[in-house]
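Given next are the chains, with one letter for each unit.
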Amino acid sequence: MIRFDANYFDGKTSISRTVIFTLYGKKAEIRGVDTGFVFTVPLVDCEISPAIGNTPRLIRLPGGAMCEAVDLDAVAALEELKGEQKILRLVHFIEGRWKAALVSIAGIIIFAWFFVVFGIPAIAEKAAFAVSADILNEVSNQTLEVLENRFLKPSELDQSRIDKLRRDFEEVLADVCRDEQCRVEFRKSPVVGPNAFALPSGLIIVTDELVEASENERELIGILLHEAAHIKERHGLRGIIQNTGVFIMVSVFVGDVASITSIAASLPTLLAQAGYSREFEREADEYAVRYFHQKGWDTESYREILVRITEKMTRYPGDSLLSSHPITEERVEDILKLEEALAGG
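The rules behind the values
Residues numbered from 1 in each chain as written. Predicted model: local features only at pLDDT ≥ 70, side-chain atom pairs only at ≥ 80, totals over all residues. Heavy atoms only, no water. Axes fitted to C-alpha atoms, helices over the stretch in contact; angles between N-to-C directions. Helix = DSSP H or I, 4+ residues; strand = E, 2+ residues; numbered from the N terminus. Parallel < 35°, antiparallel > 145°, perpendicular 65-115°, else oblique. Left-handed = near helix turned anticlockwise from the far one by under 90°. Contact = heavy atoms within 4.5 Å. Nonpolar A, V, L, I, M, F, W, Y, C, P; charged D, E, K, R; others polar. Pairing = 2+ DSSP bridges. Expected span 1.5 Å × (residues − 1). Buried < 20%, exposed > 50% of the residue type's maximum accessible area, 1.4 Å probe, protein only.

Section: the packing of helix α12 (residues 278-295) against helix α14 (residues 328-344)
In step 1: Contact pair α12 / α14: the axes reach a minimum separation of 10 Å and the direction vectors enclose 40°. As far as their axial angle goes, α14 and α12 are oblique. Viewed along their axes, α12 and α14 form a crossing whose handedness is right-handed. Between α12 and α14, the contacting residues are Arg278, Glu281, Arg282, Asp285, Glu286, Val289, Arg290 and His293 on the first element and Glu330, Arg331, Asp334, Ile335, Leu338, Glu339, Leu342 and Ala343 on the second.
In step 2: Per-class residue counts for the contact of α12 with α14 are five nonpolar, one polar and 10 charged.

Below, the structure written as structure tokens:
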């Protein structure tokens, strides 16, 4: 039997009465100490407020009445018997023990770190590949419009040079972009200099400055493969989704086209200011190296153009475009290591 003193409020006035709360089986009896009133209610109809520190507990009764009790152990026993609010009782247990609270805080921090480092990228990858081709085209069209307004101008390359490069590039893209509609366009860019951009729809923008900085077409093919990898792995969309968080992930999965296309303005910033993450850049480099290996080519031409365009970037106002790329020496070293590993395997 559970028995404790309490202050009773009828829910109509602010006057309190001292009562004795007694549990008999599955029914609770509330009996006045100084008055003769007494009544019983089923325990199932009693609602017990959550425990907050050492503050009094409230037991709400049918009709708006309630009992306020300071015997916290008795109310906790009543709550346990009722079989409700197990999670809240656990929270109260933790609150009353500083060591448990510290462990909980540490657990929350670890979980948050794990979710940010591993959870969000994994979800972003699934979300990016759930986006339809129509949305990819819409996002890319908006992105291209921004890039052309801010960074790009019509190409000034000779048409014969463009035609020759297109033929060579299309042959490579036919090998690597079987499931994507990859294509190449040329633009001049006095701002960003020798560079290339990959848009989610499959469009690769190659600048005149990049073509002019190259010494042979195999160098350009290395850059082209790198950008094709960004398209195949949807690095641009994944980067945006990771940065915009859970809201856009939900929008992708439920097909909220308006929300998805509204983030298109973020893609030019990602491409032209923040760049891709180091992980994405390494993945794209690895893709190019593996293609070279399959063709029986060494990676010297690819490594040389990476070094050369990095040196030339300092001459352009948009040199921050590669600011988040891994240090070129580090990329070159990784490329060499992978090439050696593939040759040895």
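What about the sheet that holds strand β8 (residues 153-154)?
In step 1: Taken together, four strands build an open sheet; the order of strands is β8-β9-β11-β10 and the sheet is mixed. Each edge of the open sheet is held by one strand with a lone partner, namely β8 and β10 (196-198).
In step 2: In this structure, β10 lies alongside strand β11 (residues 203-207), joined through three bridges in antiparallel fashion. Directly across from Phe197, in β11, lies its bridge partner Ile205.
In step 3: The strands touched by helix α7 (residues 217-232) within the sheet are β9 (183-188), β10 and β11, with β10 carrying the most contacts at an inclination of about 25°.

Examining the pairing of β9
Two faces make up the sheet, and in a regular strand the side chains alternate between them.
In step 1: Alignment of β8 against β9, held across two bridges, turns out to be antiparallel. By the bridge assignment, Lys153 is partnered in β9 with Lys188.
In step 2: With five bridges joining them, β9 and β11 adopt parallel strand pairing. Each bridged residue has a counterpart across the sheet, and for Arg187 the counterpart in β11 is Thr207.

Quick look at helix α13 (residues 300-313)
In step 1: The end-to-end C-alpha distance of α13, which contains 14 residues, comes to 20 Å, matching closely the 20 Å that a straight helix rising 1.5 Å per residue would cover.
In step 2: Within the span of α13, buried status applies to Ser301, Tyr302, Arg303, Ile305, Leu306, Arg308, Ile309 and Met313.
In step 3: Here the buried face of α13 lies against α6 (208-213), α7, α12 and α14.

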